Amino acid sequence: MVAVLFVTFVVCLALGVPVAFSLGISSLAYFIGSGMSLYMFAQRFFAGLNSFTLLCIPGFVFAGALMNQGGITERLIGFCNKIVGHITGGLAIANVVASMLFAGISGTALADTVSIGGILIPAMKKEGYDADFSCAVTAASSCIGPIIPPSVPMIMAATMTGLSVSKMFIAGMVPGILMGFGMIFVSWYISKKRHYPKADRRSTLKEILSSAKESFFAILMTIIILSTICFGFVTPTEASIIAVVYGILVGFFIYKELTVPRLIACMKSTVTSSAAIMVLVGMANVFAYILTKEQIPQMVADAMLALTTNKYIILLLINVLLIFVGMFMETIAAILILFPVLLNLVLQVGVDPIQFGVMVVLNLVLGLCTPPVGVCLFAATNIGETKLTGVIHDLVPYLVSNFIVLALVTFFPQVTAGVATLLLGAS
C-alpha cells in the first residue's frame, strides 16, 4: 500500500491538485486500501492541529497585515532610504534593509515581496533602475523573511518534531543577517557597475533623526518581538499576540492610518492564509503518520547510511535534494513532508537538530525565488510588469550570495545552534 500512497500523491500533483489535497487524497487511498478505520484519519488530522505553538501563525500573519495597512511599512522604507539613499544603489540597498526589518514582524517571504515590492519596485523604476534588477533584488531579499525570526516555516519544522521554536528562531538570526549583508554588497556592486542612481546628497543628521522619530514605533515593533523571544520573556505564540495588539494600537491611535474597514480586510486575509496553512498541516500529519507506521524514515536513513556515514557528505546530499525539491514544491509542504524523515537520518550521524532545522528552512526558502514554482519571483515580476527571463538573469548573483550563507549554515553549527545555545542555554 505504500506504492499506492506515493503513486496517488505524484499523480495528484501532476494533475495540478493543491499539495494539501494531494496529501489528503493519497492518505485516504492508503487508509481505504489497508482497511483502516477512517476515524483514525480524522483523529490524526486534528492531532496535527492540536498545538498551542501553531496559534502564533495567524498571529504573525495578522501582524504583518496590520503593518501594511497601518502605515508601518512605508515608514520603515522611508527610514532605510534616509540612511543608505546616498550610497550608489541606495534604493536597492534600502530594499534589502527594509526586508530585514520587515522579517522581524511578518515571518513570511511573500508578504515581504508584496508589501515592500509594491512600494519600492515602482520607485526604483522611476529613479532609473532596470525593472528586471528591481524585481530581482525584491524577490531575493524577501527570502530573509522566514530566516530572521519570527518564521512560519521554522514554526512548522519545530512543531512537527518537538524542537524548541524559540531556539530555532534565535538560530536563524545570524544567517538572516549574513544574507542581508551579502545582498547589500551584491546590490552595491551591481549598482556601481551599471551606474545606477543615488540620492543627490547625504541626509543630514536632523533628517535621519526626524525619519527615525517618524518610524520609531515601526522599528520598536520589530525590537519588541525579537527581544522578548530572545530573552525568554514570552513564547512565540505570546509574542505574536503582543505584535497584533501593538499593531492595532499604533495603526489606530499613533499613525492613524488603520481604519475599521482596513482592520476587517486584515482579518479576512489572515483567516484565508491561516486556514490554507492549517489544512496543509493537518493533511501532512496524516501523511507523516503513514510514513512512520511503514517505517519509511528508517528505511531512508538505512539506505543513505549504506552509502556513507560521513555527516558532511550526507548534509551535502540532503542539500542537493532540497534544492531540487524547493524548485518544485511549496516551502511549508516540503518541510512538513521531508523534515521529520531527514531529521531521523542526520541525528544518527551527530548533526545538531536546531542547525539542521535552519539549514532545511533556508534551503527550501531559496526555492521561493527560483523557477518554476518561485512564488516570490512571480509576485515581484508581476509588480514590476517585466519578463521572467530577465529577472532570473539579474537574480543569479543574489542566489550565489545566499548559497554561500547556506554553506556556512550547513558546515558550521556555530552560526546557528551555537548562537541559540549561547543565548538560551543548552536545555
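As the structure is a computational prediction, the values presented were derived from the model and not from experiment. (Residues numbered from 1 in each chain as written. Predicted model: local features only at pLDDT ≥ 70, side-chain atom pairs only at ≥ 80, totals over all residues. Heavy atoms only, no water.)

In this section: the overall build of the chain. On a plain count of helices and strands, the chain comes out with 22 helices and zero strands. Expressed as lengths along the three principal axes of its C-alpha atoms, the size of the chain is roughly 70 × 45 × 45 Å. Residue burial in the chain is summarised as follows: out of 427 residues, 53% are buried. For the chain, restricting intrachain contacts to residue pairs at least 6 apart in sequence, the fraction spanning at least 24 positions comes to 79%. Of the side chains in the chain, 20 bear a positive and 16 a negative charge, and the two mean positions are spaced by 6 Å. (Helix = DSSP H or I, 4+ residues; strand = E, 2+ residues; numbered from the N terminus. Buried < 20%, exposed > 50% of the residue type's maximum accessible area, 1.4 Å probe, protein only. Contact = heavy atoms within 4.5 Å. Lys, Arg positive; Asp, Glu negative; His and termini not counted. Charge placed at Lys NZ, Arg CZ, Asp CG, Glu CD.)

What follows deals with the nonpolar core. Counting 142 residues, the largest nonpolar core has Leu 23, Ile 155, Met 156, Ile 318, Phe 356 and Met 359 as its most contacted members. With twelve residues, the single largest contributor to this core is helix H18 (residues 331-347). (Core = buried A, V, L, I, M, F, W, Y, C linked by side-chain atoms within 4.5 Å.)

Between two aromatic rings, the relevant description is the distance of the centres plus the angle of the planes. Evaluation of the coordinates by the stated rule reveals 15 aromatic pairs. Ring geometry for Phe 9 against Phe 287: centres 5.4 Å apart, planes inclined by 45°, an arrangement best described as tilted. Taken as a pair, Phe 9 in helix H1 (residues 2-14) and Phe 287 in helix H15 (residues 260-293) lie far apart in primary sequence, 278 residues in all. Accessibility classification places Phe 9 together with Phe 287 in one group, the buried group. Between Phe 185 and Tyr 189, the aromatic rings sit 6.3 Å apart at their centres with planes inclined by 20°, giving stacked as the arrangement. Of this pair, Phe 185 and Tyr 189 are both found in helix H11 (residues 173-194), four residues apart, which corresponds to roughly one turn of the helix. Aromatic rings pair up to connect Tyr 129, Phe 133, Tyr 196 and Tyr 398 into one cluster. The cationic tip of Arg 75 hangs over the ring face of Tyr 255; the distance from NZ or CZ to the ring centre is 3.8 Å. (Phe/Tyr/Trp six-rings, centres within 6.5 Å; stacked < 30°, edge-to-face > 60°. Lys NZ or Arg CZ within 6 Å of the ring centre and 35° of its normal.)

Turning our attention to the environment of Ser 166. Looking at the secondary structure, you find Ser 166 in helix H10 (residues 165-171). What makes Ser 166 buried here is its relative accessible area of 17%. Taking the C-alpha atoms as reference, Ser 166 lies 9.5 Å from Phe 231; in sequence the two are 65 residues apart. Aside from chain neighbours lying at most four places away, what touches Ser 166 is Ile 229, Pro 236 and Leu 424.

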